[in-house]
Amino acid sequence: MRIAVVGATGMVGEIMLKVLAERNFPVTELIPVASEKSVGKEIEYKGQKYKVVGLQTAVDLKADIAVFSAGGDTSLEWAPKFAAAGTTVIDNSSAWRMDPTKKLIVPEINAESLTKEDKIIANPNCSTIQMVLTLAPLHRKYNIKRIIVSTYQSITGTGVKAVRQLENEYAGIEGDMAYKYPIHRNAIPQCDSFEANGYTKEEMKLVRETQKILADNTIRVTATAVRVPVVGGHSEAVNVEFTNDFEVNEVREILQNTDGVVVQDDLDAFSYPMPLFAEGKNEVFVGRIRRDESQPNTLNMWIVADNLRKGAATNTIQIAEYLIQAGLV
């Protein structure tokens, strides 16, 4: 497989290269791609050095698969050019997610919907992936009516500038600000820009993408997304109302048998998911599983994942693995 990594010098791009190596992805030729200012730089993959190339050069090289993490504008302009050259694109930005002609894929849930005709495939938002991976098997069993989710999101979701801001604030150094306010010792109730309805784009991604991935527009979702001074991953407090009642132990059993999900829910041992332990791991961790005693058929749980891994790079590479296994590339 000839693989192009678009945005290879960025935070997610670097993790994509790590995940490709860790999973022994069958790379016969690696094409690292970045903006013009990074062309000619060298990146390392499996002990070998590779020169970064520009976007047009990468299109001309006709890779089998291109994994994109270079922002929405780049994806809108360049993904169709790669696709026209015969390359299958898996895109990490928000550019194609809600396009009705594009599939929005979490492999454990809906990879089987992919066909050879799908030349641009959308990777969901980080906060959506960890939530729907946990909820999909419960939806099949109990039918979800409504989700209330509050997120506690890592600054790595914003990027390198935010990580530097936090490090500077720890050290008492003035520097560039990724946020309008200090993030050290703070919680900022704004992830991304605001929409006309008063919700942020991040909050509305949780609404729209959940309905699309679970193929059910009747599921009602409301979200509050908060940026916190954490680097290991995103955490979510999720309240789910079902049509049908459940037994908490059965919920645990279902989740324990769900690919990609790890149940950490032993209160006697103080075992529950935390970004401190999720960092660098590919799984989604769920705990604090308990009945909502304030109304019927409703469940509370706490979901944590490394947003740069399953929330971005790992999910993308898993889609690529599925394409190969299914003979779609």
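Residues numbered from 1 in each chain as written. Predicted model: local features only at pLDDT ≥ 70, side-chain atom pairs only at ≥ 80, totals over all residues. Heavy atoms only, no water.

1. What about the UniProt feature "domain: Semialdehyde dehydrogenase NAD-binding" (unreviewed entry) in the protein?
Argument step 1. When the UniProt feature table is mapped to this numbering, "domain: Semialdehyde dehydrogenase NAD-binding" (unreviewed entry) covers residues 2-117.
Argument step 2. Note that residues 2-117 is 30% helix and 22% strand, and that its end C-alpha atoms are spaced 19 Å apart. (UniProt positions renumbered as here; feature names shortened; annotations may be inferred. Helix = DSSP H or I, 4+ residues; strand = E, 2+ residues; numbered from the N terminus.)

2. Overview of the pairing of strand β8 (residues 144-153)
Argument step 1. Here eight bridges tie β8 to strand β10 (residues 234-242), and the two strands are oriented antiparallel to one another. Residue pairing across strands places Ile144 opposite Phe242, the latter belonging to β10.
Argument step 2. As paired strands, β8 and strand β9 (residues 220-227) are joined by eight bridges and run parallel to one another. Considered in β9, the bridge of Ile148 is made with Thr222. (Pairing = 2+ DSSP bridges.)

3. Observations regarding the UniProt feature "binding site: NADP(+)" (unreviewed entry) in the protein
Argument step 1. With numbering matched to this structure, UniProt assigns "binding site: NADP(+)" (unreviewed entry) to Thr9, Gly10, Met11, Val12, Lys37, Ser38 and Asn307. With the annotated positions falling across 299 residues, the maximum pairwise C-alpha distance of 26.6 Å shows that they are not confined to a single cluster. As for the largest pocket, its lining draws on Thr9, Gly10, Met11, Val12, Lys37, Ser38 and Asn307 from among the annotated residues.
Argument step 2. By the element assignment, Gly10 lies in the loop between β1 (2-6) and α1 (11-22).
Argument step 3. Residue placement: Val12 occurs in helix α1.
Argument step 4. Taking relative accessible area as the criterion, Val12 reaches 16% and is therefore assigned buried.
Argument step 5. Look past the residues within four positions of Val12 in its chain and what remains in contact with it is Ser69, Asn92, Leu308, Ala312 and Ala313. (1 Å grid on protein atoms, 1.4 Å probe; cavity = no way out; pocket = protein on both sides within 12 Å on 5 of 7 lines; lining within 4 Å. Buried < 20%, exposed > 50% of the residue type's maximum accessible area, 1.4 Å probe, protein only. Contact = heavy atoms within 4.5 Å.)

4. Observations regarding the layout of surface pockets
Argument step 1. Taken as a whole, the largest pocket spans an internal volume of roughly 1,200 Å³.
Argument step 2. Taken together, 48 residues form the lining of the largest pocket, with Gly71, Thr156, Gly157, Thr158 and Gly159 sitting closest to its centre.
Argument step 3. Those elements giving two or more residues to the lining of the largest pocket turn out to be α1, α3 (72-84), α6 (160-171), α7 (201-213) and α10 (309-325).
Argument step 4. Sort the elements by how many residues they give to the lining of the largest pocket and α1 lands first, with three residues.
Argument step 5. Its residues assigned to classes, the lining of the largest pocket shows 16 nonpolar, 23 polar and nine charged.
Argument step 6. Taken together, domain 1 (2-123 + 312-326) and domain 2 (127-154 + 187-305) each give at least three residues to the lining of the largest pocket, which thus spans both. (Points joined across faces, edges and corners; volume = space filled by probe spheres on them. Nonpolar A, V, L, I, M, F, W, Y, C, P; charged D, E, K, R; others polar. Domains from an automatic or database assignment.)

5. Digging into the domain arrangement of the protein
One frequently used descriptor of interface size is the decrease in accessible area upon assembly of the parts.
Argument step 1. Domains assigned within the protein are domain 1 (2-123 + 312-326) and domain 2 (127-154 + 187-305).
Argument step 2. The gap between the C-alpha centroids of domain 1 and domain 2 is 27 Å.
Argument step 3. On the side of domain 2, 12 residues touch domain 1, which itself brings 17 residues to the contact.
Argument step 4. For the pairing of domain 1 and domain 2, the buried interface totals around 1,200 Å² over both sides, and the portion due to carbon and sulfur atoms is 67%.
Argument step 5. When the area that domain 1 buries against domain 2 is broken down by residue, the three leading residues are Met98, Leu104 and Ile109, summing to 40%.
Argument step 6. Across the contact surface, domain 1 and domain 2 share one salt bridge.
Argument step 7. The shortest N-O distance in the salt bridge between Glu209 and Arg97 comes to 3.3 Å.
Argument step 8. For the pair domain 1 and domain 2, the interface holds five residue pairs in polar contact (both at pLDDT 80 or more).
Argument step 9. Top contributing element to the side of domain 1 that touches domain 2 by residue count: helix α4 (residues 107-110), with three residues.
Argument step 10. By residue class, the composition of the side of domain 1 that touches domain 2 is six nonpolar, five polar and six charged. (Buried area = accessible area lost by both parts, 1.4 Å probe. Salt bridge = Lys/Arg side-chain N within 4 Å of Asp/Glu carboxyl O. Polar contact = N/O pair within 3.5 Å; in protein donor to acceptor, adjacent residues only side chain to side chain.)

6. Describing the pattern of salt bridges
Argument step 1. On inspection of all chains with the given rule, the structure shows 17 salt bridges.
Argument step 2. Here Glu108 and Lys310 are joined by a salt bridge, their closest N and O atoms 3.0 Å apart. In this pair, Glu108 sits in helix α4 while Lys310 sits in helix α10, placing the two residues 202 residues apart along the sequence.
Argument step 3. On the accessibility criterion, Glu108 (30% relative accessible area) is partly exposed.

7. Describing the side chain of Asn110
Argument step 1. You can see Asn110 is positioned in helix α4.
Argument step 2. For Asn110, a relative accessible area of 14% puts it in the buried group.
Argument step 3. Within polar-contact distance, the side chain of Asn110 engages the backbone oxygen of Leu104 at 2.8 Å.
Argument step 4. Among all residues touching Asn110, those that are not within four sequence positions of it are Leu104, Ile105 and Ile213.

8. Things to note about the packing of helix α5 (residues 126-142) against helix α8 (residues 248-256)
Argument step 1. α8 packs onto α5 with a crossing angle of 125 degrees between their chain directions and a minimal axis gap of 9 Å. Considering their axes alone, α5 and α8 lie oblique with respect to each other. Crossing of α5 against α8: the hand is right-handed. Along its contact with α5, which presents Thr134, Pro137, Leu138, Lys141 and Tyr142, the element α8 presents Glu250, Val251, Ile254 and Leu255.
Argument step 2. Taken together, the residues that form the contact of α5 with α8 break down as six nonpolar, one polar and two charged. (Axes fitted to C-alpha atoms, helices over the stretch in contact; angles between N-to-C directions. Parallel < 35°, antiparallel > 145°, perpendicular 65-115°, else oblique. Left-handed = near helix turned anticlockwise from the far one by under 90°.)

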